[in-house]
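# Structural features, examined
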Amino acid sequence: MNPAPTASPNAALSAEQSAALVDLLFRLADDELVIGHRASEWTGLGPIIEADIALSSMAQDEIGHAQAYYRLLHDLGRPDPDTLAFLRGPEEFRCASLAALPRGDWAFSITRQFLYDAAESVRLEALADCSYRPLAELARKVAGEEKYHLLHGRTWVTKLGRGTDESRSRMQAAVDAAFPHALGLFEPTKHDRTIAAMGLQPPELALRDRWADVVEPVLAEAGLSAPAGVEPVYGGRAGRHPPELAELLEAMQKVYRIDPAAKW
Amino acid sequence: MTDTQWPVFEVFHQQARGEPHVHVGSIHAPDAETALVLAKEQFGRRQACVNLWVVPIGAISATSYEDADIFQHGSDKSYREAYGYETTKRARSIGDTQEI
């Protein structure tokens, strides 16, 4: 008989429940790691140094949250966080396509980050009261940083949306491009029902409605419009990604893979 | 040289409620709202912080360094320093940071 990987919290979970929890944690972690890496691609290149530092700092936040989610996975018997981040191939990642898309211009990165942070805020609000205590505690712990991220996004989106003709048109183009992928953050999975029944979080499409309630007033205030009737881009939660994810992972994992046993 | 960047805001940082806001530096931002958002990462990320102020630099009136002599005393005014008080002595011996 195999010993339980850690003493308690998951001991009472069925195999189906355990698989659902693990899947949810991988989605949370991989979204954070990949979008954090994309945000970090602005380090040294931001439009002004103040904006550069703020986004770079947010990138560190996201990567830190990813590490914390990977630790929860490690506590459930998965490999350590570095192995999960640096030694998995793209098909093993569960991030949504929104996180993986290339950096684009500042308008796109800001819009992507805002749509993502709005999604994260509704998800974390639900998870803060979830039945798996380590996850509930983590959701509460990162809430402050995420609150700032949303404030940062809302400020930029409204300023640029109401700025010049050029900033407005770039922002609308960014919203049009990012929106179908943002809807894909709420790709339903086969675990949705189990996750809801376990008291972890509501089904994805219910969270999407809450997300729309956060996003739409901000876009309206910015004078921007969400494209109507677009098809969500799905696939990320099942391991099917745009080719840019493989490119991102190759860059991010390259040094670690030279010598995975090296001590950092 | 002309500064072609955004306006400058001076940033004041408060470590705990009731403590004074202390000037920590300045940042460029298009307006006060954005200045607060950007100042949070510039100045709030390395030390404890509960509150930030940003003030447009143009709102600050200052004395001139050429007039720094107005602060010099023409005669001994050490009586103004109030070190004769018991509380002041105790405060100095404990250090400024600790509450008495």
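Residues numbered from 1 in each chain as written. Chains lettered and ligands numbered in written order. Predicted model: local features only at pLDDT ≥ 70, side-chain atom pairs only at ≥ 80, totals over all residues.

### Looking at the overall build of chain B
Helices and strands together make up the secondary structure of chain B, namely two helices and three strands. Overall, chain B shows an N-to-C arrangement of helices and strands of β-β-α-β-α. Counting the 100 residues in chain B, one finds 13% classified as buried. Restricting to contacts in chain B with at least 6 residues of sequence separation, those with at least 24 account for 40%. (Helix = DSSP H or I, 4+ residues; strand = E, 2+ residues; numbered from the N terminus. Buried ≥ 20, exposed ≤ 12 C-beta atoms within 10 Å, placed from the backbone. Contact = placed C-beta atoms within 7 Å.)

### A word on the overall build of chain A
Counting its secondary structure elements, chain A contains 10 helices and zero strands. Reading chain A from its N end, one meets helices and strands in the order α-α-α-α-α-α-α-α-α-α. Radius of gyration (C-alpha) of chain A: 18 Å, near the 18 Å computed for a compact globule of 264 residues. Along the three orthogonal principal directions, the C-alpha set of chain A runs to about 65 × 45 × 30 Å. (Rg over C-alpha atoms; globule rule 2.2 N^0.38 Å.)

### Here's the deal with the nonpolar core
Formed by 78 residues in total, the largest nonpolar core has its most connected members in A:Leu98 and A:Leu115. The contact partners of A:Leu115, leaving out residues within four places of it in the chain, are A:Leu98, A:Ala178, A:Ala182 and A:Val215. (Core = buried A, V, L, I, M, F, W, Y, C linked by C-beta atoms within 7 Å.)

### Some thoughts on the packing of helix α2 (residues 49–75) of chain A against helix α6 (residues 133–161) of chain A
Residue and element names in this part refer to chain A. Following both chains from N to C, one finds α2 and α6 inclined at 165°, their axes separated by 11 Å at the closest point. Relative to α6, α2 is oriented roughly antiparallel. The handedness of the crossing between α2 and α6 is left-handed. Of the residues in α6, those touching α2 at Ala-54, Met-58, Asp-61, His-65, Ala-68, Leu-72 and Asp-75 are Pro-134, Leu-135, Leu-138, Val-142, Glu-145, His-149 and His-152. (Axes fitted to C-alpha atoms, helices over the stretch in contact; angles between N-to-C directions. Parallel < 35°, antiparallel > 145°, perpendicular 65-115°, else oblique. Left-handed = near helix turned anticlockwise from the far one by under 90°.)

### Here we look at the interface of chain B and chain A
The partner chain A presents 11 residues to the 13 residues of chain B that form the contact. Of all the secondary structure elements, the ones that give two or more residues to the side of chain B that touches chain A are β2 (22–28) and α1 (32–43) of chain B. The element that contributes the greatest number of residues to the side of chain B that touches chain A is α1(B), accounting for seven residues. Of the residues in the side of chain B that touches chain A, the class split is five nonpolar, four polar and four charged. (Nonpolar A, V, L, I, M, F, W, Y, C, P; charged D, E, K, R; others polar.)

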